[in-house]
Structure formats: structure tokens, C-alpha cells
Amino acid sequence: MDTYSLLREIADSWVLLAMFVFFLGVVVWAFRPGSRKVHDDTANIPFRHEDKPAGDRDTSGSSAQRELRQ
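From a predicted model like this one, the values you see are computed outputs, not experimental measurements.

*Asks:* Explanation requested: the pattern of salt bridges in the structure shown.
*Replies:* When charged atoms on two side chains of opposite charge get close, those side chains can pair. Here the structure, examined in full by the defined rule, presents two salt bridges. One salt bridge connects Asp 12 with Arg 8, and the closest N-O pair in it is separated by 3.2 Å. With Asp 12 and Arg 8 both in helix α1 (residues 3–30), this residue pair falls four residues apart, about one helical turn. A relative accessible area of 45% means that Arg 8 is categorised as partly exposed. Close ionic contact of Arg 48 with Asp 41 constitutes a salt bridge, the shortest N to O distance being 2.7 Å. The partly exposed category is assigned to Arg 48, whose relative accessible area is 46%.

Calculation rules
- Residues numbered from 1 in each chain as written.
- Predicted model: local features only at pLDDT ≥ 70, side-chain atom pairs only at ≥ 80, totals over all residues.
- Heavy atoms only, no water.
- Salt bridge = Lys/Arg side-chain N within 4 Å of Asp/Glu carboxyl O.
- Helix = DSSP H or I, 4+ residues; strand = E, 2+ residues; numbered from the N terminus.
- Buried < 20%, exposed > 50% of the residue type's maximum accessible area, 1.4 Å probe, protein only.

In C-alpha cells, the structure reads:
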């Protein structure tokens, strides 16, 4: 059996199985019971600042701009 055929058989069976198990793991991780709060918080990011755009906490500018002013 040449190398290509051997690698092809491994890819068709074990790698496919490994990818399927990985897929199931990702789905279980995404729909785990404790992740609902995280997903809800992430989904509401665009609606957090309805009155005004989000700004920096420090309105005096970035640290580089403050250093230039001094």
C-alpha cells in the first residue's frame, strides 16, 4: 500500500471522526447552561448606549496625547 492510500484511509475514517467529535464539543460548549448570560450580554452590545455614543472613560484623550501635552 502506498503512502497516499494509507493517508487517505486514515483521513476518511479517524480524521472525520475527530472533526465530528470536535464539532459536537463546540456545539455543547456554545449551548451549555451557564453561557446564556454571556450570550445575552454579547447580543445587547449595540443597544448599550442609546442616548449617546460610547465614549472613553477618561475624556482628556489617550495616554500618548496626554504625554504630548505635558
